[in-house]
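# Structural overview for review
Each chain is listed here by its residues.
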Amino acid sequence: MAELNYGLSELALEIRSMMREFAQTRVKPVRAELDEKGIFPIDLLRELGKMDLMGLYIPEAYGGTFDGDSLPNIIAVEELSRVCIGVSVSFAANGLGSDPILIGGSEEQKKKYLPAIARGEKLAAYALTEPNAGSDAGSIRTTAVKKGDKYVLNGTKQWITNGGEADVYCVFAVTDKNRGARGVSCFIVEKGTPGFSFGKKENKMGIRASATRELIFEDCEVPAENLIGREGTGFIWAMKTFDVSRPGIAAQAIGLAQGALDEAVSYAKVRQQFGRPVIANQGLSWMLAEMATKIEAARALTYATVRTIDSGAKDYSKFSAMCKMYASDMAMEVTTNAVQVLGGYGYMKEYPVEKMMRDAKILQIYEGTNQIQRDIIGLALNKEYAGAAKA
Amino acid sequence: MGLLIDREKCIGCGACAAQCPFGALSLDAEGKAQANEACTACGSCTEACPVGALKIEAAEKKSAGIDLAEWRGVWVYAEQREGALHGVSFELLGEGRVLAEKLGVPLTAVLLGSGVEALAAPLFEHGADRVILADHPALAAYTAEAYAEALSALVRKYKPEALLAGATTIGRGFVPRVAIEVRTGLTADCTGLDIDPATRRLLQTRPAFGGNIMACIECPDHRPQMATVRPKVFKAAPAQPGRTGELVKETLDLKAPAVRVLETVHAMENEKNVADAEIIVTGGRGLGKPENFALLRELADALGGAAIGASRAAVDAGWISAFHQVGQTGKTVRPKVYIACGVSGQIQHLVGMNSSDTIIAINKDPDAPIFGVADIGIVGDLFQVVPEIIRALKA
Amino acid sequence: MHIVVCLKQVPNTTQVKINPETNTLVRDGVESIMNPFDENALEMALQLKEAHPGTRVTALTMGPPQAADILKEAVGRGADDVLLLCDRAVAGSDTLATSYAISCAVRSLGAPDLVIFGKQAIDGDTAQVGPGVADWLGIPCVACVRKCEIAADGKTATVERVSEDAYDVVEAPLPCALTVVKEANVPRMASLRGKMAARKLAIEPTTAAATGADPALLGLAASPTHVVRIFSPPAKTGGAKWEGLEPAEAAQKLVAELKNRKLV
């Protein structure tokens, strides 16, 4: 297949071919069952660990293979998503759960937690959202009160990806309720800590292989050394994490949409109506053409954003928001159109596009709804043009 | 020895490279044909070459000094398991009879085991003129080493010109060792056997490349000429009650085998074996998931107890155990009725089932190769058609 | 423990097609792969290595220079050493001569405790080389194994040997050879670090002479069997093909036909 020259490194190309084969041989045969029964793909993740693919974003010093280029990880997410984003989000959530440690953690914290995560022996999760704190992350109510050399956590986290399955959780809690967002801190909490339990596992519309669960903290004592950075810096880690993780959501969207396009084009070439394949109908082939174009546009935007972040740029929130928003809106559109191309078959569970369309919706919602992304972009524009208006 | 390439004659047309089934030929830097290690000197290319630049040089005359005339008679290895003869033994006797008559020699069955003398009678009834029995405690349980040692000793003593064995897990397990021991050739999994009347040579035909090509193989200068034959390829000779022959009891000096069989587990007893079934319902990739074999089992029940078969794709996907696999790497079957559901019909599957009496295929894809061998092909969705067949059968 | 796994590079026969006009094999685009059964053999060796620390796994193949690819794949998955036997002298070998050549290569690696093969290769489907090599080496061979455990003292292997309708639990003294069936395991995929190591690996081919093989026992001249003719299997032409029928209609027609032919 012809492809644009994104100047991918040898490592990125190697990982792409490994992930592609893994997705085809390991994930594709089981994706429908994982989806139907809501089975968490722990075996697949452990196998990825053995293949050295769980530490693509973790520097070599901590057992991973990250060498300053984030594209190998982005491409791994993309390839996995092309077959099943229920599996890919379970994979990618480890990155999200590890990011606060990578960004704000101490050397000791990194050495303690990251190598096992890189080997796939331990899974990570990121715990910010609460019943009353979604987009408004500053309004979280989980509290952490310092008591000697411990913090005591109380509260409930909601819709935590990898909840119950992960071993290491980065949990955001209020240490000073008078300071709003500046009073939030981030703690590493290990599964099995007394006072830390799990609520119900959610029954979801899509990404059903992934585990989405409540975390419950009842007088849960966490060693003070598990605080990431200083008290009150949690919100910084939360937002910085999103800035670097949103291109990952875009990668899920691009992979998912590519998978839907693969199905749609293959079907359109084979399906005969009125004595010819349906792809010969201009209306339908234009639909496919637009799908393909939008996927490539999203990919170009996302790869460029990742390169910009890797280059050490200071200000990239706007681009992270753009690629998350554009790619996920695109994925919703492309998967919906893929169902349309397959017609009645597309609506049936025998074909994978039905699942892809259900899976796509979450991409417009999680890690900041697409409305929040537009706010971020709008805010950035307002700032950037502040000088221009005066001039 | 091997393939000779006349570089003067070669015009670099590449016809040989296109023809070579082993991918051993290519054009070198000067545009001349060259062969690599994959060459088996099969000679396919010599026919393809338009200018006669290729030829197979006859192997040097063997100096092994084997006097072919000393070796006479056709042998069949009569396989028994736990005191019961395997069906392939009767099939081999049927084919062995034909070969023996072409050669004008007697047909011998060789029986190895412990306390198995009673099995000689059915071997005579199915066409053996002579049964050589090696009854020994070391042969009580099958181990490749002891069985190979016993059969090699008998071969050296009696010098048969041809030896046939079933291509079962047992036959394929120990007969290769016999071939090495007596330094002769062994052709595996033959689907056709014949005698060249001029040379008395055994012509052994077998599929290769997953059934994509057939190869005819000879063993001209070594004896015995050995072949394994897959079960169900030949038809069993009908029994002639009361027919008898010469029973030769051999006392062999065998070591106690170093390999010990601790236990035999018949884990598959509840499952019908496709190898013996009259009717087989087979599922392929089109089933989509393991649970859908339940639909085929329902059809099998409605057909009065058919066996369940599976294509390699279904087995490789982990939907069903390899016990059910039909094809080149599974079992060869020859049922009265073979119903393939959602099986595309890869050549390696077809070679395992295309001698079934009646083949029925159900597949969504009208171009699926399975329709090329089907007596009745139904183009349609198996999930719609199969329930209707079950309904019609029950009506 | 030292385990030698014997691998073969084969064309992916499931991709091979026959050109109906010329009646020849169409090999274009057919990739060369590690024989699928050999993948199970390699996986069994690697699992034994994990279960028995200090175990060394050597991957061995005989073939053209490009067969080094499957040795690199084996290293990517975790094999420690490789041996590529590559020699024009072995060209045209049948299973007798091939098993001799491989037995010499195995012997040249010292005295391995276990030699593991796939049940058969998908291009030749003979299933003869594993048992044959064992015979040349004078060691036992258990064919069609789906499970293998090695005793803690490293002296015996307890294996499950499958047959058509049962399985045997078999105990074999080491050294011995095994041939492995597909149901034994799910072969792992190569790891990223393994692939990187394999990429750097320069594989020097070994000649048959270097393994101590007697030239008189190699190649076409030492092969009792000869392919005298190769031909395409006669194409079976299909019978009736029913298209466009309602499922119920097709089903009734089929059942009537089967009853008519007295098949049910």
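Here we take up the overall build of chain B. A count of helical and extended segments in chain B gives 10 helices and 22 strands. When its C-alpha atoms are laid out on the principal axes, chain B stretches across 70 × 65 × 40 Å. Relative to its 395 residues, chain B shows a buried fraction of 59%. Considering only contacts in chain B between residues 6 or more positions apart, those separated by 24 or more positions represent 63%. Accessible area for chain B stands at about 14900 Å²; split by element, carbon and sulfur atoms hold 51% of it. Here chain B holds 39 positive side-chain charges and 46 negative ones, and the gap between their average locations is 1 Å.

With respect to the helices and strands, the residue Ser90 of chain A is situated in helix α5 (residues 85-104). In sequence terms Ser90 of chain A and Glu60 of chain A are 30 residues apart; their C-alpha atoms lie 22 Å from each other.

Ordered in space as β12(B)-β13(B)-β14(B)-β14(C), the 4 strands form an open sheet in which the pairing is antiparallel. Whereas interior strands pair on both sides, the edge strands pair on one side only; in this sheet they are β12 (192-196) of chain B together with β14 (226-231) of chain C. With strand direction ignored, the average angle separating the axes of adjacent strands in the sheet is 25°. As defined by bridge partners, β12 of chain B adjoins strand β13 (residues 201-208) of chain B across 5 bridges and the pair is classed as antiparallel. Counterpart to Asp196 of chain B in the pairing with β13 of chain B is Arg201 of chain B. Set on the sheet, helix α3 (residues 87-103) of chain B makes contact with β12 and β13 of chain B; between it and β12 of chain B the angle comes to about 10°.

A word on the domain arrangement of chain A. Residues and elements named next belong to chain A. Segmenting chain A into domains produces domain 1 (10-123), domain 2 (125-232) and domain 3 (235-384). Taking only C-alpha atoms into account, the centre of domain 1 sits 22 Å from that of domain 2. Of the roughly 2000 Å² buried between domain 1 and domain 2 on both sides combined, carbon and sulfur atoms contribute 61%. Of all residues in domain 1, Phe40, Tyr113 and Leu123 bury the most surface against domain 2, accounting for 28% of the area lost on that side. Along the contact surface separating domain 1 from domain 2 lie 1 salt bridge.

Residues and elements named next belong to chain C. The buried fraction of strand β1 (residues 2-7) amounts to 6 of the 6 residues, a majority that puts the element mostly inside the structure. Neither face of β1 is open: one carries His2, Val4 and Cys6, the other Ile3, Val5 and Leu7, and all of them are buried. Bridge analysis of β1 against strand β6 (residues 56-62) gives 6 bridges, and the strand direction is parallel. Looking at the pairing, Cys6 lines up with Leu60 of β6. Examined bridge by bridge, β1 and strand β8 (residues 114-118) share 4 bridges and lie parallel to one another. Counterpart to Val4 in the pairing with β8 is Val115.

Okay, the sheet that holds strand β20 (residues 337-341) of chain B next. On the basis of which strands lie adjacent, the open sheet formed by 6 strands has the order β19(B)-β18(B)-β20(B)-β21(B)-β22(B)-β15(C) and parallel pairing. Of all the strands in the sheet, just β19 (307-310) of chain B together with β15 (240-242) of chain C have a single pairing partner and so form its edges. Averaged over neighbouring strand pairs, the angle between their axes works out to 20° when direction is ignored. In this structure, strand β18 (residues 279-283) of chain B lies alongside β20 of chain B, joined through 5 bridges in parallel fashion. Bridge pairing in β20 of chain B links Ile279 of chain B to Val337 of chain B.

Structural remark: α-helix, 3.6 residues per turn; residues separated by three or four positions point the same way. All names here are of chain A. The end-to-end C-alpha separation of helix α6 (residues 107-118) is 16 Å, in line with the 16 Å expected for 12 residues at 1.5 Å each. Within the span of α6, buried status applies to Gln109, Lys110, Tyr113, Leu114, Ala116, Ile117 and Ala118. Residues of α6 that are buried in the fold lie against α5, β1 (124-127), β4 (168-174), β5 (184-190) and β8 (227-228). Gly120 sits one or two residues past α6 and shows a positive phi near 75°.

Here the focus is the environment of Ala134 of chain B. With respect to the element layout, Ala134 of chain B can be found in strand β9 (residues 130-135). Beyond its immediate chain neighbours, meaning those up to four positions away, Ala134 of chain B contacts Leu111, Leu112, Gly113, Leu139, Leu154, Glu250 and Leu252 of chain B.

Let's shift gears to the pattern of salt bridges. Residue and element names in this part refer to chain C. Scanning the entire structure with this criterion turns up 65 salt bridges over all chains. The shortest N-O distance in the salt bridge between Arg77 and Glu73 comes to 2.8 Å. Taken together, the residues span about one helical turn, with Arg77 and Glu73 both in helix α2 (residues 68-77) at a distance of 4 residues. We classify Arg77 as buried; its relative accessible area is 12%. Relative accessible area serves as the criterion here: at 25%, Glu73 is assigned to the partly exposed category. One salt-bridge network, held together by shared partners, links Arg146, Lys147, Glu149, Glu160 and Glu183.

On to the packing of aromatic side chains, then. Tallied over the full model, the rule gives 17 aromatic pairs over all chains. For the pair Tyr147 of chain B and Phe174 of chain B, a centre-to-centre distance of 5.7 Å together with 75° between the ring planes defines the contact as edge-to-face. Taken together, the residues Tyr147 of chain B in helix α5 (residues 144-158) and Phe174 of chain B in helix α6 (residues 169-181) connect sequence positions 27 residues apart. Taken together, Tyr169, Phe196, Phe198 and Phe217 of chain A form an aromatic cluster joined through their ring pairs.

Moving on: the interface of chain C and chain A. On the chain A side, the residues contacting the 12 residues of chain C number 18 residues. Considering only the surface of chain C that becomes buried against chain A, Met189, Leu192 and Arg193 of chain C emerge as the three largest contributors, covering 57% of it. At the boundary of chain C and chain A, one finds 4 salt bridges. A salt bridge links Glu14 of chain A to Arg199 of chain C; its shortest N-O distance comes to 2.3 Å. Counting the contacts that link chain C with chain A gives 9 residue pairs in polar contact (both at pLDDT 80 or more). Its residues assigned to classes, the side of chain C that touches chain A comprises 6 nonpolar, 2 polar and 4 charged.

It is worth spelling out the pairing of β8 of chain C at this point. Residues and elements named next belong to chain C. Burial within β8 is extensive, with 5 of its 5 residues counted as buried. Of the strand pairs in this sheet, β8 and strand β12 (residues 176-180) are connected by 5 bridges, and their pairing is parallel. Directly across from Val115, in β12, lies its bridge partner Ala177.

Each side of the interface is counted separately: chain C has 92 residues, and chain B has 102 residues. Interface area for chain C against chain B, summed over the two sides, is near 8300 Å², with a carbon-plus-sulfur share of 59%. One can count 4 salt bridges joining chain C with chain B. A salt bridge links Arg260 of chain B to Glu171 of chain C; the shortest N-O distance between them is 3.0 Å. Taken together, chain C and chain B are joined by 30 residue pairs in polar contact (both at pLDDT 80 or more).

A few words on the domain arrangement of chain B. Partitioning chain B into structural domains gives domain 1 (2-57), domain 2 (68-250) and domain 3 (274-394). Each of domain 1 of chain B and domain 3 of chain B was reduced to a C-alpha centroid, and the two centroids are 41 Å apart.

Rules used throughout
Residues numbered from 1 in each chain as written. Chains lettered and ligands numbered in written order. Predicted model: local features only at pLDDT ≥ 70, side-chain atom pairs only at ≥ 80, totals over all residues. Heavy atoms only, no water. Helix = DSSP H or I, 4+ residues; strand = E, 2+ residues; numbered from the N terminus. Buried < 20%, exposed > 50% of the residue type's maximum accessible area, 1.4 Å probe, protein only. Contact = heavy atoms within 4.5 Å. Areas by Shrake-Rupley, 256 points an atom, 1.4 Å probe, with all protein chains shown as cover. Lys, Arg positive; Asp, Glu negative; His and termini not counted. Charge placed at Lys NZ, Arg CZ, Asp CG, Glu CD. Pairing = 2+ DSSP bridges. Axes fitted to C-alpha atoms, helices over the stretch in contact; angles between N-to-C directions. Domains from an automatic or database assignment. Buried area = accessible area lost by both parts, 1.4 Å probe. Salt bridge = Lys/Arg side-chain N within 4 Å of Asp/Glu carboxyl O. Expected span 1.5 Å × (residues − 1). Phe/Tyr/Trp six-rings, centres within 6.5 Å; stacked < 30°, edge-to-face > 60°. Polar contact = N/O pair within 3.5 Å; in protein donor to acceptor, adjacent residues only side chain to side chain. Nonpolar A, V, L, I, M, F, W, Y, C, P; charged D, E, K, R; others polar.

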